[in-house]
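One letter stands for each residue in the lines below.
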Amino acid sequence: MTVNLEVSEGVGTIRLDRPPMNALDVATQDRLKELAEEATRRADVRAVIVYGGEKVFAAGADIKEMQNMDHTAMVLRSRALQESFTAVARIPKPVVAAITGYALGGGCELALCADFRIAAENAKLGQPEILLGLIPGAGGTQRLARLIGPSKAKDLIFTGRMVKADEALTLGLVDRVVPAEEVYSAAHEWAARLAQGPAIALRAAKESIDTGLDTDLETGLAVERNWFAGLFATEDRERGMRSFVEEGPGKAKFL
């Protein structure tokens, strides 16, 4: 399999495994969607890591495969391409991308689907599709602009240039930079901490933020209000408030 899902102690790792560069061919895209949906369904998965291994996250689409696709073929394929990445973005649990080496084109777009991005000091990210006479097609024009702003996104997409980890951090493209050998452990620490948290409240927070970014303020506030009130029906809310009153803040256990 080109993508695998491994679960341990509440953390599911979606691992790309298509050496040498984790090129995202059609089979890998479809498998990614399948495992993102599995991680969404599984109650034993409470947080997710997307990881490409120690050397490379994903260097982009499989260009040799794409070269043989004409307009008709890509019209038929482009929706499935986007849906495979959207399935990752819609996992209703905390998702962290652990980025080593190259995260280019589709690899960068996959990282954009995470809630948090931890990059190795040697990581290089970018959207080089323009150099092929194309534009990003798996969400890059939309998610990148929402994440770092339209002007910075246009610079990266118009030029196709790669940025190193330090510049990616300055741009807001990644959230943390660590030594290469610490990338996965740092991502696991982040995911494991949230895997211990209140699952429904985390889902509510993620959906409220993501929905709010794609709509007007009034609608976003309505989503937040409905989730906020709804959480008063959960066991985690009862447990959290009881712990606060009896033991003080930050001591509630939600598992």
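A brief structural summary. (Residues numbered from 1 in each chain as written. Predicted model: local features only at pLDDT ≥ 70, side-chain atom pairs only at ≥ 80, totals over all residues. Heavy atoms only, no water.)

As for helix α8 (residues 183-195)
Thinking step 1. Spanning 13 residues, α8 covers 18 Å between terminal C-alpha atoms, matching the ideal 18 Å at 1.5 Å per step.
Thinking step 2. Turning to α8, its buried residues are V183, A186, A187, W190, A191 and A195.
Thinking step 3. Packing partners of the buried residues in α8 comprise β2 (11-16), β3 (47-51), β4 (95-99), β6 (116-120) and β9 (176-178). (Helix = DSSP H or I, 4+ residues; strand = E, 2+ residues; numbered from the N terminus. Expected span 1.5 Å × (residues − 1). Buried < 20%, exposed > 50% of the residue type's maximum accessible area, 1.4 Å probe, protein only. Contact = heavy atoms within 4.5 Å.)

Observations concerning the packing of helix α5 (residues 140-148) against helix α6 (residues 150-159)
Thinking step 1. Look at α5 against α6: their axes get within 7 Å of each other, and the N-to-C directions meet at 135 degrees. Accordingly, the angle class assigned to the pair α5 and α6 is oblique. Every pair of crossing elements has a handedness; the one defined by α5 and α6 is right-handed. The segment α5 lies against α6, with G140, T141, L144, A145 and I148 engaging P150, K152, A153, L156 and I157.
Thinking step 2. Residue classes in the contact of α5 with α6 are distributed as seven nonpolar, two polar and one charged. (Axes fitted to C-alpha atoms, helices over the stretch in contact; angles between N-to-C directions. Parallel < 35°, antiparallel > 145°, perpendicular 65-115°, else oblique. Left-handed = near helix turned anticlockwise from the far one by under 90°. Nonpolar A, V, L, I, M, F, W, Y, C, P; charged D, E, K, R; others polar.)

A few points about the pattern of salt bridges
Thinking step 1. Within this structure, the stated rule accounts for 14 salt bridges.
Thinking step 2. Residue R18 is joined to D25 by a salt bridge in which the shortest nitrogen-to-oxygen separation is 3.4 Å.
Thinking step 3. A residue is classified by how much of its surface remains accessible, and D25, at 10% relative accessible area, is buried.
Thinking step 4. Note that D44 and R42 form a salt bridge whose closest N and O atoms lie 2.8 Å from each other.
Thinking step 5. What emerges from the salt-bridge pattern is a single network uniting R18, D25 and D62. (Salt bridge = Lys/Arg side-chain N within 4 Å of Asp/Glu carboxyl O.)

A short note on the nonpolar core
Thinking step 1. Ranked by internal contacts, the top residues of the largest apolar core, which has 45 residues, are F57, I99, L125 and L173.
Thinking step 2. Top contributing element to this core by residue count: helix α3 (residues 71-89), with five residues.
Thinking step 3. Formed by 15 residues, the second largest nonpolar core is a distinct cluster that contains V11, A47, I49 and A98. (Core = buried A, V, L, I, M, F, W, Y, C linked by side-chain atoms within 4.5 Å.)

Looking at the sheet that holds β2
Thinking step 1. With mixed pairing, the six strands of this open sheet are ordered in space as β1-β2-β3-β4-β6-β9. Among the strands making up the open sheet, the edge pair consists of β1 (3-8) and β9. The sheet shows a mean angle of 20 degrees between the axes of neighbouring strands, taken without regard to direction.
Thinking step 2. Of the strand pairs in this sheet, β4 and β6 are connected by four bridges, and their pairing is parallel. Opposite I99, over in β6, you have A119 as the bridge partner.
Thinking step 3. Contacts from helix α1 (residues 26-41) reach β1, β2 and β3, with the element oriented near 20 degrees to β1. (Pairing = 2+ DSSP bridges.)

A few points about the pairing of β1
Thinking step 1. Here six bridges tie β1 to β2, and the two strands are oriented antiparallel to one another. Looking at the pairing, V3 lines up with L16 of β2.
Thinking step 2. Taking the residues that link successive antiparallel strands as the turn, the β1-β2 hairpin has two residues, and the phi of E9 there is positive, at about 50 degrees.

Considerations on the environment of R237
Thinking step 1. Mapped onto the elements of the fold, R237 is located in helix α11 (residues 235-247).
Thinking step 2. The sequence separation of R237 and R18 amounts to 219 residues, and the corresponding C-alpha distance is 42 Å.
Thinking step 3. Not counting the four nearest positions on each side in its chain, R237 is found in contact with L231 and F232.
Thinking step 4. For R237, the side chain forms a polar contact with the main-chain oxygen of F232, separated by 3.1 Å. (Polar contact = N/O pair within 3.5 Å; in protein donor to acceptor, adjacent residues only side chain to side chain.)

Describing the packing of α1 against α3
Thinking step 1. Contact pair α1 / α3: the axes reach a minimum separation of 8 Å and the direction vectors enclose 40 degrees. Judged by the sense of rotation from one axis to the other, the crossing of α1 with α3 is left-handed. Residues V26, Q29, D30, L32, K33, A36 and E37 of α1 form the contact with α3, whose participating residues are R77, L81, E83, S84, A87 and V88.
Thinking step 2. Its residues assigned to classes, the contact of α1 with α3 shows six nonpolar, two polar and five charged.

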